[in-house]
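Tertiary structure, described
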Amino acid sequence: MSAAADVSDTRPVADVPLKGQFGWRFALSLGAAAAGVLLLAYAVAALLIRGTYLWGTNIPFVWGFDLINYVWWIGIANAASLFAVILVLRRHGLRTAVNRFAEAAALAAVAAAALYPILHLGRPWLFYWVLPYPATYQVWPQFRSTLVWDFWGIMSHVVVTSLFWYTGLIPDLATMRDRAAARGKGLVARFYGVFALGWRGSVQHWARHQAAYRLVAALVLPMLVSAQTIVALEFATTLVPDWHQARLPLHVVITGIPSGLGVVLALAALLRSGLGLSRWIDEADMDLLAKLMAAASLGCGYLYAEELLTATLEDPATRDATLARLFGPYGLLHWGGAALIVLLPQLLWLPVLRHSAPAAVAIGLGAAAGVWLDRFALVAGGLLRDHLPRIGPLYAPSIPEWTLLLGTVGLFALLMLLFARLIPVVSMFETRHEESEAEVP
Amino acid sequence: MQHSMTDEHSPPLPERRTVLRAAGASLALAAAAGCDVGPAEFGHPLHARARGVTEEALTYATVLDLDGLGRGVLVRTRAGHAIKIEGNPAHPASLGATDVFLEAAVLSLHDPARSRRSRRAGRALRETAGLPAFLEERRAALAAAGGAGLRLLTGPVSSPTQRRLIGAVLAAFPEARWHVHAPLADAGAAEGARRAFGEAVVPVHDLSRAACTLSLGADLLGPGPAQLRQARDWSAARAPGRAGQAPLPRLIVAESVPSLTGAKADQRLALPPAGIEALARAVAAELGIAAAGGAPHPEAPGIAAALRAAGPSGLVAAGRGQPASVHALAQAMNATLGAMGTTVRLIDDPAGAAEAGDLAALAGEMAQGAVTDLLVLDANPVLDAPAGLDMPALLARVPHTLHAGLYPDETALACAWHLPLRHPLECWGDSLAFEGTAALRQPATVPLVETALPAEEILAHLAGRPAPAEALVRETWREAWGEEGFEERWLAALEGGVVPDSAAPARELRLRPDFDPGPAAPETAGFTALFLPDPHLWDGRFAPNAWLQELPRPLEKLAWGNAALIAPQDAMALLVGDGAEAEITLHGRSLTVPVVIAPGQAPGVVALPLGGGRRAAGGVEPGLGFDAYRLRPAAAPWAAPGLALRPTGRVRPLVSTAWHHPVESDPPPARRVAQGEVIPPLPPPRSLYPDWSYPGHAWGMAIDLDACIGCNACSLACQAENNTPVVGPEETARGRAMHWLRVDRYHRGPPEAPETDFQPVPCMHCEKAPCEVVCPVNATVHDHEGLNLMVYPRCIGTRTCSNNCPYKVRRFNWADYARATGAVPVRNPEVPLRARGVIEKCTYCQHRIVAARTAAGLEGRPIREGEVETACQRACPTRAISFGDVNDPASTVSRARREGRHYALLGHLDTRPRTTYLARVVPAGTRADAMPAGTRADAMPAGTRADGVPASTQAESGAPEEPA
């Protein structure tokens with residue numbers, strides 16, 4: 001790593017993917033992540049062969065880890081891309097540092113999330129029946145079903161997030177192509193070249209790219225709110241007293257933010273130290289990110305207080321159900337989640353902690369774990385009280401469900417590692433743009 | 001063939017190959033058993049003209065026994081196989097209804113764990129090798145000795161043919177003896193009757209005429225050979241009261257252990273056994289029976305006044321296990337009230353066998369070595385003999401033992417030889433109902449176990465007069481009816497399923513003045529152990545039946561196992577909750593048992609259900625529950641004082657479906673109204689969508705909670721009709737049992753004296769069905785007659801519909817329950833099996849609607865009212881369920897919906913259910929739904945988790961604990 005004064009020299013960023021060797025640590029991580037994906041393959045195969053019988057679900061707890069993890073992953077994805085989009089649209093300086101891997105994290109999280117709605121089905125191989133295709137029997141999906149909305153939500157999410165990520169990547173892919181060609185790596189250059197779509201860096205290209213990039217970013221923005229909301233509507237539109245609350249979409253969207261930001265923060269800290277990119281992801285960037293997260297957590301704090309307040313004002317059925325969730329068998333999960341989401345990130349107001357990589361990773365992932373606990377308490381705890389006495393035992397995840405979760409974590413990790421290996425983790429063209437603007441007197 | 005048949009009613013003929021194989025097997029069998037059974041006997045189920053219009057689906061009348069007493073049934077067959085049992089409306093012990101045992105019989109018939117081979121020393125034999133020779137040799141040896149050393153052990157027998165053949169055996173072997181062993185026989189009742197009337201007569205209760213009933217521990221509405229009749233009569237007597245046209249008949253129940261009767265009582269006293277006798281004496285004294293004596297009881301004057309007011313319409317019934325004094329007092333009170341001839345009819349015990357010895361006498365002889373040959377016919381003394389009788393050792397002392405039974409059970413394994421017995425549905429035979437009405441049994445199916453023999457043929461062979469069972473039964477009835485017109489009477493009795501006018505004549509007996517044997521022994525320290533039949537396993541004979549095992553018990557909601565029931569006060573004192581393990585010791589014998597708190601149980605009483613913990617119970621894994629027979633003393637088989645109970649501190653996993661959290665909703669789901677009270681209708685529903693119109697039929701169901709006795713028959717009938725799979729104990733514990741119709745049980749008020757209500761919950765078929773709009777693939781939809789139906793092939797298994805169903809009636813196939821190996825082997829071909837990953841639920845027996853529609857269409861007429869009967873409706877002993885067209889204002893269901901006590905469950909959700917309820921009626925002035933402040937419904941004593949989850953299951957699932 002040269003101590004070149006010129007930050008706009010993004011060669012070190014481009015060097016990372018072009019390096020021949022990545023070191024044993026990367027190999028180890030890649031191996032671990034690949035093992036996780038193998039675990040995922042095993043869990044999926046077991047699920048397909050033996051069925052949802054393997055899970056801890058029952059009537060009434062028909063959903064368990066499937067929906068908990070789905071909502072959690074989609075929350076991470078949403079918050080991470082929401083964050084990236086806002087940075088792009090506001091042309092915020094921080095975008096140069098983080099939006100590339102925020103987008104990548106969002107994409108990887110969407111991939112992990114998208115597995116669950118399919119796998120949670122009793123007959124996963126028939127998932128395409130929610131598609132409105134002209135079937136022989138002319139049976140169409142039930143368009144009033146939130147699950148159909150959710151299908152569209154997640155499909156749009158996948159498409160637009162990948163578009164957003166990819167559009168932002170094109171100039172850098174072209175840079176990678178050129179640098180690889182300069183180093184005589186013809187095959188690598190061709191690989192990047194294909195995806196760079198013939199980018200030559202003409203002014204016209206740049207103008208169109210900027211328009212397209214911002215357009216896609218603007219597209220992402222409303223959809224992110226809607227996607228999370230649709231997920232929440234899957235619960236809120238049911239007759240289950242605790243779920244049937246107008247505040248639920250807001251709760252899911254807002255509490256999703258710290259988890260996404262937490263994952264981005266943790267990744268930023270890891271990349272900074274792991275890939276030696278502290279120059280491009282500098283302390284000011286970390287400060288901004290950390291403060292944003294702490295502030296989002298405060299917002300969540302407001303939501304938790306509001307939840308408690310409205311619960312006491314609700315009709316008896318809803319009140320009992322909410323209180324059962326907050327103080328019932330899953331109450332510890334709820335309050336543990338609240339502590340991790342609201343209280344833990346407040347530590348980030350301390351500069352010492354937000355500049356320390358281990359602390360940032362711990363707090364970031366802690367918040368993500370907190371949101372996971374919150375989703376558990378919501379999905380399982382929300383069913384503790386229904387209109388009639390409960391007819392089944394409590395839900396507790398089984399080993400195959402844990403295996404599936406571990407597997408999706410492995411998938412997420414593998415995608416992130418491959419991303420770090422193959423693609424510039426910091427947006428080079430944005431950095432150059434930023435720095436050159438800064439140089440203008 | 002002796003029976004006449006017209007061509008249009010020809011039987012479903014088995015395939016030629018089956019016939020050949022069956023004939024071959026039958027010949028081999030006949031040779032083996034030495035019976036002269038021709039090949040024509042085998043494989044021909046049709047003997048009466050069939051009921052039904054199609055060639056394929058035929059219904060036959062026959063009779064099935066419980067405790068030796070018959071209940072008439074109609075067996076629906078498809079292609080020669082029995083698939084469903086329904087009650088025979090003509091039979092007085094059924095009246096068209098079924099109980100859980102009758103419904104489950106079809107599964108026992110098809111049970112792959114049934115005994116299929118003869119056994120020698122417990123090992124199955126490939127051929128019946130050696131058995132015929134052995135039998136011949138023993139017959140010859142015994143004949144030479146006049147039968148000395150030959151003993152015959154049976155269960156209770158009411159069958160005229162079997163009794164005739166036993167008589168023939170005893171005549172052929174004058175030195176032989178017959179012993180009857182019935183673990184549930186009530187010696188106290190027989191002794192009480194003997195004290196009261198000088199003879200062991202049995203009272204037949206007519207609850208339809210009872211204005212006031214006092215039950216002294218009698219579970220009149222609970223399971224038993226007379227349940228269906230008594231429950232129907234009880235419900236019929238309440239009908240005018242429900243309509244507000246007459247006062248409600250009163251049911252006063254004094255009992256130690258909560259029962260279905262207690263749950264329906266207007267006044268319930270939880271008393272220990274000694275307290276019941278004290279109450280009986282006090283009430284008798286109030287009624288002016290001088291001999292009664294005893295201390296006054298605070299409740300006695302009121303009860304006596306009510307009985308006196310009822311006069312001849314009063315009824316006092318003493319229950320199984322009460323001491324002879326209580327039975328005698330009950331009869332004395334009935335005689336004093338003038339109830340003999342109105343609510344009580346005395347008849348000779350249809351299964352009484354004065355000439356037979358009991359098991360104790362047999363055991364004595366076996367111990368002395370006086371028994372050389374023992375034939376155990378359809379009895380299981382190794383399981384159900386009293387503790388202290390070491391039956392395996394005693395059987396080992398008998399040189400030649402032969403057991404004939406349906407299963408390779410404990411006794412089969414302990415005997416030298418075992419012969420598989422035919423299931424009653426495969427047999428010829430006859431039996432008497434609890435009130436003496438005779439019915440003929442005919443094979444309603446192709447025999448499924450080729451080697452099995454009917455008991456009649458074994459007896460006939462032993463008597464030296466081998467004949468096919470049909471001939472044996474005919475012979476019995478030819479003797480009774482004479483030659484003239486025999487064939488007509490025979491066919492009529494077969495077709496009708498009942499021998500007309502054969503009820504036992506009432507005995508006119510005078511009460512003896514010295515009827516009172518004096519007070520029973522006073523209470524001693526410690527708990528009193530009460531032994532009682534299990535509501536689903538009965539005396540243990542139904543333990544191999546997976547349907548009965550998996551069906552949650554009506555009150556404690558336990559499945560796949562049993563538990564000792566203790567009073568809430570005792571649980572509080574011992575600091576134990578549901579699922580706690582305890583060591584119980586009685587007369588030096590110990591068992592470790594799980595404990596379950598029974599709200600409403602008398603303190604100081606530990607109820608031990610019999611029939612669990614069987615070591616050899618067919619396909620059911622051994623060790624489900626505990627075997628209370630191991631503690632049951634011969635001297636006090638029903639109530640044994642001196643039980644010590646010590647909690648071990650451990651928990652035992654129980655399979656329970658009682659996950660109830662406190663129900664505080666107002667009004668409660670299972671509602672009560674005071675007589676004449678009208679439930680105000682809900683405000684008119686609002687919806688963004690226009691109403692759908694149902695111009696043709698619009699099916700609806702109304703369930704009368706006043707008539708519902710919580711007997712579970714509907715639930716099991718639904719399971720049998722709809723191929724609802726059995727999921728096993730592990731899956732049931734996980735909350736995945738598949739019953740389409742569950743019976744919710746609510747306790748309200750203090751746990752010491754709860755008010756108990758039952759509420760059967762099938763699918764509500766909501767007009768605004770919340771399940772439909774959330775299904776992404778339109779797999780659950782409404783049909784043109786308002787049925788909310790599942791399209792199984794379209795279901796992808798999101799389970800969202802279950803989430804959105806406020807009634808939680810949708811069940812999910814987590815695994816391939818229906819088709820997995822070991823799945824239930826009996827299937828109704830009219831209902832599809834559901835695949836793994838698919839939701840299923842009540843269809844209102846849509847296939848029956850379709851059948852009726854088709855039949856009506858063929859005849860060019862509309863479907864008639866009552867033509868469609870759902871399986872649950874048909875099974876219900878009290879006719880609590882009415883089903884029909886709500887568009888037809890004259891239909892029963894429409895009339896029910898116009899009643900003042902009609903309401904929709906969770907009506908405020910505006911799902912507009914088609915299944916609705918009629919509230920339970922309590923006498924005006926008694927509190928109905930209004931709950932006093934501070935009482936929580938389903939309140940649990942300390943030691944129980946607030947949501948009632950047994951701590952063990954909780955620990956197992958690893959879910960976090962709820963703060964206390």
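- Going by an unreviewed UniProt entry, chain A carries the name Polysulfide reductase NrfD and comes from Roseicella aerolata.
- According to UniProt, the comment filed for chain A under the heading Sequence similarities (unreviewed entry) is "Belongs to the NrfD family."

1. Description of the overall build of chain A
- Regarding its fold elements, chain A presents 15 helices and zero strands.
- Relative to the compact-globule value of 22 Å for 441 residues, chain A shows a C-alpha radius of gyration of 23 Å, a close match.
- In terms of principal-axis extent, the alpha carbons of chain A reach across some 70 × 55 × 40 Å.
- Looking at the 441 residues of chain A, the share that counts as buried comes to 54%.
- The long-range fraction of contacts in chain A, counting pairs at least 24 apart against all pairs at least 6 apart in sequence, stands at 84%.

2. Observations regarding the sheet that holds strand β4 (residues 119–120) of chain B
All names here are of chain B.
- The seven strands lie next to each other as β5-β4-β16-β15-β14-β6-β7, forming an open sheet whose pairing is mixed. Since the sheet does not close on itself, it has two edges, and those belong to β5 (123–124) and β7 (177–180), each with one partner.
- Of the pairings in the sheet, the one linking β4 to β5 comprises two bridges and is antiparallel in character. Among the inter-strand pairings, arginine 119 is bridged to a residue of β5, identified as alanine 124.
- Against the sheet, helix α15 (residues 455–462) touches β14 (373–377), β15 (400–405) and β16 (417–420), its axis set at about 155 degrees to β14.

3. Digging into α15(B)
Residues and elements named next belong to chain B.
- Counting buried residues along α15, eight of its eight residues qualify, which places the element largely inside the surrounding structure.
- Restricting attention to buried positions, one finds in α15 the residues Ala455, Glu456, Glu457, Ile458, Leu459, Ala460, His461 and Leu462.
- Among the residues trailing α15, glycine 464 stands out with phi positive, at a value near 85 degrees.

4. A word on the pairing of strand β10 (residues 250–255) of chain B
Residue and element names in this part refer to chain B.
- Taking burial as the measure, the six residues of β10 include six buried ones, the bulk of the element.
- Burial along β10 is two-sided: the residues Arg250, Ile252 and Ala254 and Leu251, Val253 and Glu255 are all buried.
- As judged from the five bridges shared by strand β9 (residues 212–216) and β10, these two strands associate in the parallel manner. Bridge pairing in β10 links leucine 214 to isoleucine 252.
- Taking the sense of rotation as the criterion, the β-α-β connection linking β9, helix α6 (residues 227–242) and β10 turns out right-handed.
- In this structure, β10 lies alongside strand β11 (residues 267–270), joined through four bridges in parallel fashion. Paired with alanine 254 across the bridge in β11 is leucine 269.

5. Structural notes on the sheet that holds β11(B)
Residues and elements named next belong to chain B.
- Judged by pairing direction, the sheet is parallel, and its four strands sit side by side in the order β11-β10-β9-β12 without closing on themselves. Edge positions in the open sheet fall to β11 and β12 (314–318), since each of these has one partner strand only. On average, each strand axis in the sheet is inclined to that of its neighbour by 10 degrees, with strand direction left out of account.
- Packing of helix α8 (residues 273–286) onto the sheet brings it into contact with β9, β10 and β11, and relative to β9 it is tilted by some 140 degrees.

6. Thoughts on the interface of chain A and chain B
- In this assembly, 46 residues from chain A lie in contact with 49 residues from chain B.
- Mapped onto the side of chain A that touches chain B, the elements with two or more residues apiece are α5 (146–182) and α11 (331–343) of chain A.
- Each residue belonging to the side of chain A that touches chain B can be placed in one class, and the counts come to 29 nonpolar, 12 polar and five charged.

7. A word on the environment of Val342(A)
Residue and element names in this part refer to chain A.
- Within the element layout of this structure, valine 342 appears in helix α11.
- Along the backbone, valine 342 and alanine 296 are 46 residues apart, and their C-alpha atoms lie at a distance of 8.5 Å.
- Excluding anything up to four places from it in sequence, valine 342 contacts Ser297, Cys300, Gly301 and Tyr304.

8. Section: the packing of helix α9 (residues 283–313) of chain A against α11(A)
All names here are of chain A.
- Packing of α9 against α11 brings their axes to within 7 Å, and their N-to-C directions diverge by 140 degrees. Contact residues: Ser297, Cys300, Gly301 and Tyr304 in α9; Ala338, Ile341 and Val342 in α11.
- Of the residues contributing to the contact of α9 with α11, the split by class is five nonpolar, two polar and no charged.

9. Examining the confidence of the model for chain B
Residue and element names in this part refer to chain B.
- Model confidence for chain B is summarised by a mean pLDDT of 86, while 88% of its residues fall at 70 or above.
- In this model residues 1–46 is a low-confidence stretch, pLDDT under 50, and it forms 66 contacts with partners more than four residues away in sequence or in other chains.
- A low-confidence stretch, residues 930–964 (pLDDT under 50), is modelled with 87 contacts involving residues beyond four sequence positions or located in other chains.
- As a predicted assembly, this complex carries a pTM of 0.88 together with an ipTM value of 0.89.

10. Brief notes about the environment of Ser687(B)
- Mapped onto the secondary structure, Ser687(B) falls in the loop between β27 (672–674) and β28 (699–704).
- Sequence separation between Ser687(B) and Asp910(B) is 223 residues; the distance between their C-alpha atoms is 8.9 Å.

11. A closer look at the domain arrangement of chain B
Residues and elements named next belong to chain B.
- Along its sequence, chain B is carved into domain 1 (7–116 + 426–496), domain 2 (201–348), domain 3 (527–656) and domain 4 (672–922).
- Counting residues at the interface gives nine residues for domain 1, matched by 11 residues for domain 3.
- Along the lines of polarity and charge, the residues of the side of domain 1 that touches domain 3 split into six nonpolar, one polar and two charged.

12. A word on the environment of Gln331(B)
Residue and element names in this part refer to chain B.
- If you trace the backbone, glutamine 331 turns up in helix α10 (residues 324–337).
- A tally of 29 C-beta atoms within 10 Å means that glutamine 331 is categorised as buried.
- Each residue touching glutamine 331, except ones within four places of it in the same chain, is listed here: Gly192, Ala193, Ala196, Phe197, Pro203 and Leu511.

13. Comments concerning the nonpolar core
- One finds Ala80(A), Ala105(A), Ala109(A), Val264(A) and Val606(B) to be the most contacted residues of the largest nonpolar core, which totals 433 residues.
- Broken down by element, the residue count for this core peaks at 18 residues, all from helix α3 (residues 65–89) of chain A.
- Every residue in contact with Val606(B), bar those within four places of it in the chain, is listed here: Phe527(B), Ala529(B), Leu530(B), Ala564(B), Ile566(B), Ile584(B), Leu643(B) and Leu645(B).

14. Some points on the packing of α8(B) against helix α9 (residues 300–310) of chain B
Residues and elements named next belong to chain B.
- In contact at an axis separation of 8 Å, α8 and α9 are set at 55 degrees when each is read in the N-to-C sense. If you check the angle between α8 and α9, you find them oblique. Here α8 runs over α9; the crossing is right-handed. Contact residues: α8 offers Leu279, Ala282, Val283 and Glu286, while α9 offers Ala300, Pro301, Ile303 and Ala304.

15. Observations regarding the pairing of strand β6 (residues 150–154) of chain B
Residues and elements named next belong to chain B.
- For β6, the tally of buried residues reaches five of five residues, placing the bulk of the element in the interior.
- Side chains Leu150, Leu152 and Thr154 project from β6 onto one buried face, and the interleaved Arg151 and Leu153 project onto a second face that is buried too.
- Bridge analysis of β6 against β14 gives five bridges, and the strand direction is parallel. Bridging across to β14, leucine 152 finds its partner in leucine 375.
- In terms of handedness, the path from β6 via helix α4 (residues 160–172) over to β7 forms a crossover that is right-handed.

How each quantity is defined
Residues numbered from 1 in each chain as written. Chains lettered and ligands numbered in written order. Predicted model: local features only at pLDDT ≥ 70, side-chain atom pairs only at ≥ 80, totals over all residues. UniProt positions renumbered as here; feature names shortened; annotations may be inferred. Helix = DSSP H or I, 4+ residues; strand = E, 2+ residues; numbered from the N terminus. Rg over C-alpha atoms; globule rule 2.2 N^0.38 Å. Buried ≥ 20, exposed ≤ 12 C-beta atoms within 10 Å, placed from the backbone. Contact = placed C-beta atoms within 7 Å. Pairing = 2+ DSSP bridges. Axes fitted to C-alpha atoms, helices over the stretch in contact; angles between N-to-C directions. Right-handed = clockwise from strand over helix to strand, strands pointing away. Nonpolar A, V, L, I, M, F, W, Y, C, P; charged D, E, K, R; others polar. pLDDT = per-residue confidence, 0-100. Domains from an automatic or database assignment. Core = buried A, V, L, I, M, F, W, Y, C linked by C-beta atoms within 7 Å. Parallel < 35°, antiparallel > 145°, perpendicular 65-115°, else oblique. Left-handed = near helix turned anticlockwise from the far one by under 90°.

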